[in-house]
Amino acid sequence: MTALSSAKAASTMKAYGQENEQRRRWILERGLPLNEVSTVMYLAWKSESVGSGSLAKISAAYKMVNNEVSIPGAQCVAELINSKKRAEATTRMQPVCINEPVIVKIMSTLEDDAKSERDVLLVHLSYSALLRASEASNLQWKDVRVKNGLLEVFVAEAKNDQLGKGRTTFVQCKAGSDLDLLLKRWKVRCSLKNPDFIFHNLHNQKPLSPSSISSIVKAKFDAIGVQGSHHALRRGRANDLQAEGFSLDEIQRTGRWRSPAGMSTYLRDNPRAQGIRVEEMESEEEEEGPPSLTREAPVPL
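Computed from a predicted structure; not experimentally measured. (Residues numbered from 1 in each chain as written. Predicted model: local features only at pLDDT ≥ 70, side-chain atom pairs only at ≥ 80, totals over all residues. Heavy atoms only, no water.)

## Details of the environment of Leu-202
Consideration 1: Tracing the backbone through its elements, the reader meets Leu-202 in the loop between α9 (178-190) and α10 (210-223).
Consideration 2: For Leu-202, a relative accessible area of 28% corresponds to the partly exposed category.
Consideration 3: Spatially, the C-alpha atoms of Leu-202 and Cys-190 are 9.7 Å apart, while their sequence positions differ by twelve residues.
Consideration 4: Aside from chain neighbours lying at most four places away, what touches Leu-202 is Ala-114, Lys-115, Arg-118, Trp-186 and Lys-193. (Helix = DSSP H or I, 4+ residues; strand = E, 2+ residues; numbered from the N terminus. Buried < 20%, exposed > 50% of the residue type's maximum accessible area, 1.4 Å probe, protein only. Contact = heavy atoms within 4.5 Å.)

Pasting the structure below:
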């Protein structure tokens, strides 16, 4: 049991613990036995209010603390999850991608106060370095440095960091660029209190939680009339890199994805990814409307 728990991330263990506690409470409140059948009944009840991803998490949490699941039980769980996936497919919307023009709009909201400077930098750096909310929360001043026009962002705990040594993402940050100026401006303001964390609470200098970071980014999007989340920054930057000609391996390394399969769910169909060169696309002008026909001169007999 110790090996099973230590092999998983702390955030995963916490989420699984909460799911198991909720399942246990529901079963006991109804006077049911704490067994596999009651768990399947709980999943069926939850399927009326949550998605397939949540059902899969409940199932994984149960399996973590129970050594065996019967074949009929596993089949019931799989059918519940697959049934929910089919229902979701009919209403699923295309995930939102935040691209560079949106970042430019966010930049236009910058004001001369600490909150505005922090929040705009949070959006810009999260987009540029493909930061997850948890990674942005843990980012410290010692983790970033600019060298030769490149910003080095050290992520101490990344999903593709199997050896636990941390991973570094490199971002273009030329002198005088928006990102360069935002960083310098925020660093000067922070120099008065010298906080360890880049994105911190303005009152006590403690790091912002991942949920607070997500809320701040969503508020910035709402202010310019854009629907999106913090994760949309990561998705959008990955697609922008693909459109710029970066290979899938380069995007995976930049975004610190553990596997190509995990990254592929973020990417939309793109001509470059299908082997079409930009030169070929630019050389052919798009014609609107039906093709025009011209009468040829009659050939003399």
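## With respect to unusual backbone geometry
Trans peptide bonds make up the majority, and among non-glycine residues the majority have a negative phi.
Consideration 1: A positive phi angle, close to 50 degrees, is found at Asn-194, a residue other than glycine.
Consideration 2: Tracing the backbone through its elements, the reader meets Asn-194 in the loop between α9 and α10.
Consideration 3: With a phi angle near 60 degrees, Arg-256 is a residue other than glycine that sits in the positive phi range.
Consideration 4: Tracing the backbone shows Arg-256 in the loop between α12 (248-255) and α13 (260-264).

## Things to note about the nonpolar core
Consideration 1: Core analysis: the biggest nonpolar cluster contains 38 residues, and Leu-121, Leu-125, Leu-151 and Phe-199 have the highest contact counts within it.
Consideration 2: Elements with a minimum of two residues in this core: α6 (100-107), α7 (114-128), α8 (133-138), β2 (150-155), α9, α10 and α11 (230-243).
Consideration 3: In contact with Leu-125, other than residues within four places in its own chain, are Leu-130, Leu-131, Leu-139, Leu-151, Val-153, Leu-179 and Phe-199. (Core = buried A, V, L, I, M, F, W, Y, C linked by side-chain atoms within 4.5 Å.)

## Some points on the side chain of Asp-180
Consideration 1: Relative to the assigned elements, Asp-180 resides in helix α9.
Consideration 2: The contacts of Asp-180, once residues within four sequence positions are left out, are Cys-173, Lys-174 and Ala-175.

## Digging into the environment of Ile-216
Consideration 1: Residue placement: Ile-216 occurs in helix α10.
Consideration 2: Classification of Ile-216 as buried rests on a relative accessible area of 12%.
Consideration 3: Distance in space between the C-alpha atoms of Ile-216 and Leu-122 is 8.7 Å, their sequence separation being 94 residues.
Consideration 4: Residues in contact with Ile-216, not counting those within four places in the same chain, are Arg-118, Asp-119, Leu-122 and Leu-208.

## Observations regarding α9
Consideration 1: Across its 13 residues, α9 extends 18 Å between first and last C-alpha, which sits within 8% of the 18 Å expected from 1.5 Å per residue.
Consideration 2: Listed as buried for α9 are Leu-179, Asp-180, Leu-182, Leu-183, Trp-186 and Cys-190. Buried positions in α9, seen along its axis, are confined to an arc of 165 degrees and lie on one side of it.
Consideration 3: Among the structural elements, α6, α7, β2 and β3 (167-172) are those in contact with the buried residues of α9. (Expected span 1.5 Å × (residues − 1). Arc of directions from axis to C-beta.)

## Structural notes on α11
Consideration 1: Between the first and last C-alpha of α11 there are 21 Å, a value that for 14 residues agrees with the 20 Å anticipated at 1.5 Å per step.
Consideration 2: Along α11, the residues classified as buried are His-230, Ala-232, Leu-233, Arg-234, Arg-235, Gly-236, Arg-237, Ala-238, Asn-239, Asp-240, Leu-241 and Gln-242.
Consideration 3: Tucked into the core, α11 has its buried residues touching α6, α7, α8, α10 and α12.
Consideration 4: Just beyond α11, the residue with positive phi is Gly-245, at close to 105 degrees.

## Concerning the packing of aromatic side chains
Each aromatic ring pair is described using two quantities: the centre-to-centre distance and the angle formed by the ring planes.
Consideration 1: Within this structure, the stated rule accounts for four aromatic pairs.
Consideration 2: Ring geometry for Trp-257 against Tyr-266: centres 5.0 Å apart, planes inclined by 65 degrees, an arrangement best described as edge-to-face.
Consideration 3: A relative accessible area of 12% places Tyr-266 in the buried class.
Consideration 4: Of the aromatic side chains, those joined through ring pairs into one cluster are Trp-26, Tyr-42 and Trp-45.
Consideration 5: Taking the ring centre of Trp-45 as reference, the NZ or CZ of Arg-30 above it sits at 5.5 Å.
Consideration 6: Between Arg-234 and the ring centre of Trp-257, over which it is positioned, the NZ or CZ distance is 4.0 Å. (Phe/Tyr/Trp six-rings, centres within 6.5 Å; stacked < 30°, edge-to-face > 60°. Lys NZ or Arg CZ within 6 Å of the ring centre and 35° of its normal.)

On their own, these measurements won't tell you what the molecule is for.
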